[in-house]
Amino acid sequence: MPADQTPHEVLAELASHPRGDDLARLVHAIAFACADERRTSLPDGARDAAARLGLSSEDAETPFGNVLAALERSPNEPTGPATRALLSALLARGIALAPPEGVEAERRVIEALAWVAAHTPLDALSAIDAALGPKADGLWREAAALVKRADEGAAPLVGRAGALVVAAALGASSSLAARDEAQTLAAEARDPVVRALLQDARKPGAAAAAGELVPPPRGPLALVLLAVTGLLFVLPVARLLGRFVLRYRCPAEMRVSPRSITVLAKTELLGRTVREREMVFPVEGLTRVAREVRYPRLAMYAGLFALAIGSYVGISLFVDGARAGSPDLLGMGALLVAVSIAIDFALTNLMPAARGRCRVVLVPQKGPTVALGRLDPTLADSALGRLAQGSSS
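Model, not experiment: these values are computed from the prediction.

Asks: Talk me through the overall build of the protein chain; I want residue IDs and the actual numbers.
Replies: Across its full length, the protein chain holds 16 helices and nine strands. Considering the protein chain as a whole, with its 393 residues, one finds that 38% of them fall into the buried category. Partitioning the intrachain contacts of the protein chain with sequence separation of at least 6 by distance along the chain shows that 65% fall at a separation of at least 24. In the structure as shown, the protein chain presents an accessible area of about 21200 Å², 59% of it carried by carbon and sulfur atoms.

Printed below as a string of structure tokens:
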């Protein structure tokens, strides 16, 4: 396995393994037994535990090595980066298969992960974001609480070594919850090493924004062809039917680092995930990155349209009422004009487009254009701002 293999790539490979989940449960059981017994090396009996799960040595073969052989490695034998990444990803996957529920359960999991990360080759903290996604937020909050307790001398079982490992994971995490906790801890921690590790959270590292994959903007020729064939009106109706009838969704997350943009997307149909994708765009391979507000003046134009229609009809009724001497027509005309002015004011001033959602368009030098819609403008600006800072530094 390449030395720079990311947890996302390892987990994606393991997801296609026929016994991947059972291997994750095996590593999970071994790791937590190690934490419960406070062992500084992986316990014996990995093959017995594998046999109880119906796993053979052939089942334990993966593109990154044999899991059983990695678990049975002698403590004096050096562990390579490929083996550490394999076991760490499997442990994180094991946690994702049975995520902790409640603060107490999350606290116990974090304490166990801190112990095994500090004393064994298993470091699931580096793969938690990839395995659990947003479900890891509670774990990161408990991780920050653990570091704070250790900094105050109130976590003797974890110790300073475990606290340093957790602090490093907090500072390196791409999770917004983890980075918020790390920034708070960086200002409060008394241990200078902990502060230095948490300072990474203040640097322009990875930032994330969640949205949905949407069709990229079309060129003039494509628009003309679609309009002539009538597909320009059929496609939106088909997407609308798919969204509400078949529950078709394409949720996606954009993660931005100074060197690349990663888009994690999946396709859902009837509430089930039918496809998952990870697209990585190196900065040097991007032709253009654009943040667009869709229909930024829609509210203003709608207000002007309402004002024009209301004024025309209202004034017509007012003039007819004046000619016929009808107070009812006069009042109705004046009321329509007043209502149209109120609608124009509300749409123009009380519904600013900046509070809505935006779209980010990624145009690579090679390959199709990718567009993410329904993004929070603040998060999108923050993520792309870090990309700009990384490019200028």
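Asks: Explain the nonpolar core to me, using residue names and the numbers behind them.
Replies: Val67, Leu91 and Leu170 are the most contacted members of the largest nonpolar core, which has 63 residues in total. In terms of residue count, helix 2 (residues 20–36) provides more of this core than any other element does, nine residues in total. Every residue in contact with Leu91, bar those within four places of it in the chain, is listed here: Val27, His28, Ala31, Phe32, Leu113, Val116, Leu122 and Ala124. Residues Cys250, Val263, Met279 and Val360 belong to the second largest nonpolar core, which totals 20 residues.

Asks: Help me get a handle on the packing of helix 2 against helix 5 (residues 81–97), residues and values and all.
Replies: The interhelical angle for the contact between helix 2 and helix 5, taken along N-to-C directions, is 95°, at an axis separation of 7 Å. The angle between helix 2 and helix 5 falls in the class roughly perpendicular. Counted together, Gly20, Asp21, Leu23, Ala24, Arg25, Val27, His28, Ala31 and Phe32 of helix 2 and Leu87, Leu90, Leu91, Arg93, Gly94, Ile95 and Leu97 of helix 5 form the full contact between these two elements. By residue class, the composition of the contact of helix 2 with helix 5 is ten nonpolar, three polar and three charged.

Asks: Let's hear about the pattern of salt bridges: which residues, and what values?
Replies: Counted according to the given criterion, the structure contains twelve salt bridges. Arg19 serves as the salt-bridge partner of Asp22, at 2.8 Å between the closest nitrogen and oxygen. Residue Asp22 is classed as buried on the basis of its relative accessible area, which comes to 18%. Taking the shortest distance from any N to any O, the salt bridge between Glu268 and Lys266 comes out at 3.6 Å. Bridged by salt links that share partners, the residues Arg19, Asp22, Arg25 and Asp59 form one connected network.

Asks: So what's going on with the packing of helix 12 (residues 220–229) against helix 13 (residues 231–245)? Which residues, and what values?
Replies: Where helix 12 contacts helix 13, the two axes come as close as 6 Å, and the packing angle between them is 85°. By the angle between their directions, the pair helix 12 and helix 13 is classed as roughly perpendicular. Here helix 12 contributes Leu223, Leu226, Ala227 and Thr229 to the contact with helix 13, which in turn contributes Leu231, Leu232 and Leu235.

Asks: Kindly report on the packing of aromatic side chains, identifying the contributing residues and their values.
Replies: Describing an aromatic ring pair means giving the distance of the ring centres and the angle of the ring planes. In this structure the tally under the stated criterion is zero aromatic pairs. Just above the ring of Trp115 sits the side chain of Arg38; from NZ or CZ to the centre is 5.0 Å.

Asks: Could you give an account of helix 13, with specific residues and numbers?
Replies: Relative to the 21 Å expected for 15 residues at 1.5 Å per residue, helix 13 spans 20 Å between its end C-alpha atoms, a close match to the ideal helical length. Of the residues one or two after helix 13, Arg247 is the one with positive phi, at around 55°.

Asks: So what's going on with helix 12? Residues and values would help.
Replies: Taken across its ten residues, helix 12 has one buried, putting it largely on the surface. Note on helix 12: the residue one or two positions beyond its end, Gly230, has a positive phi of about 85°.

Asks: Hey, could you go over the environment of Ser173 for me, with residue numbers and the actual values?
Replies: When you line up the elements, Ser173 lands in the loop between helix 9 (159–172) and helix 10 (176–188). The sequence separation of Ser173 and Trp140 amounts to 33 residues, and the corresponding C-alpha distance is 9.1 Å. Not counting the four nearest positions on each side in its chain, Ser173 is found in contact with Asp129, Trp140, Ala178 and Arg179. Of the polar contacts made by the side chain of Ser173, one reaches the side chain of Asp129; its length is 2.5 Å.

Asks: Could you give an account of the environment of Pro134, with specific residues and numbers?
Replies: Within the secondary structure, Pro134 sits in the loop between helix 7 (128–132) and helix 8 (137–151). When its relative accessible area of 67% is taken as the criterion, Pro134 is described as exposed. Between the C-alpha atom of Pro134 and that of Ser175, which follows or precedes it by 41 residues, the distance is 7.8 Å.

Asks: If you had to explain a nonpolar patch on the surface to someone new, which residues and values would you point to?
Replies: On the surface, Val237, Leu240, Leu241, Phe244, Val245, Leu246, Tyr248, Leu269, Leu270 and Val274 cluster together into a nonpolar patch covering about 980 Å² of accessible area. Looking at the nonpolar patch, the element that brings in the most residues is helix 13, giving five residues. A relative accessible area of 38% places Tyr248 in the partly exposed class.

Asks: Give a description of the pairing of strand 8 (residues 358–364) that names residues and reports values.
Replies: Here is the key point about a regular strand: its side chains alternate between the two faces of the sheet. Taken across its seven residues, strand 8 has seven buried, putting it largely inside the fold. Neither face of strand 8 is left uncovered, since the one carrying Cys358, Val360, Leu362 and Pro364 and the one carrying Arg359, Val361 and Val363 both have all their residues buried. Alignment of strand 8 against strand 9 (residues 370–375), held across four bridges, turns out to be antiparallel. Looking at strand 9, one finds that Cys358 is bridged to Leu375.

Asks: Break down the side chain of His17 for me, with residues and values.
Replies: Checked against the element boundaries, His17 lands in the loop between helix 1 (7–15) and helix 2. Of the polar contacts made by the side chain of His17, one reaches the backbone oxygen of Asp59; its length is 3.3 Å. One polar contact links the side chain of His17 to the main-chain carbonyl oxygen of Glu61, over a distance of 2.7 Å. Beyond its immediate sequence surroundings of up to four residues, His17 is in contact with Leu23, Asp59, Glu61 and Thr62.

Asks: Kindly report on the pairing of strand 5 (residues 260–269), identifying the contributing residues and their values.
Replies: Burial within strand 5 is extensive, with eight of its ten residues counted as buried. Two strands pair when backbone bridges link them, and strand 4 (residues 251–256) and strand 5 are joined in this way by five bridges, in the antiparallel orientation. Each bridged residue has a counterpart across the sheet, and for Met254 the counterpart in strand 5 is Val263. Counted along the chain from strand 5 to the antiparallel partner strand 6 (residues 272–282), the turn is two residues long, and its residue Leu270 has a positive phi close to 55°.

Reading the values: the criteria
Residues numbered from 1 in each chain as written. Predicted model: local features only at pLDDT ≥ 70, side-chain atom pairs only at ≥ 80, totals over all residues. Heavy atoms only, no water. Helix = DSSP H or I, 4+ residues; strand = E, 2+ residues; numbered from the N terminus. Buried < 20%, exposed > 50% of the residue type's maximum accessible area, 1.4 Å probe, protein only. Contact = heavy atoms within 4.5 Å. Areas by Shrake-Rupley, 256 points an atom, 1.4 Å probe, with all protein chains shown as cover. Core = buried A, V, L, I, M, F, W, Y, C linked by side-chain atoms within 4.5 Å. Axes fitted to C-alpha atoms, helices over the stretch in contact; angles between N-to-C directions. Parallel < 35°, antiparallel > 145°, perpendicular 65-115°, else oblique. Nonpolar A, V, L, I, M, F, W, Y, C, P; charged D, E, K, R; others polar. Salt bridge = Lys/Arg side-chain N within 4 Å of Asp/Glu carboxyl O. Phe/Tyr/Trp six-rings, centres within 6.5 Å; stacked < 30°, edge-to-face > 60°. Lys NZ or Arg CZ within 6 Å of the ring centre and 35° of its normal. Expected span 1.5 Å × (residues − 1). Polar contact = N/O pair within 3.5 Å; in protein donor to acceptor, adjacent residues only side chain to side chain. Patch = residues over 30% accessible without salt bridge, like charges linked within 9 Å, V, L, I, M, F, W, Y side chains within 5 Å. Pairing = 2+ DSSP bridges.

Functional significance is not addressed by these values, which are geometric in nature.
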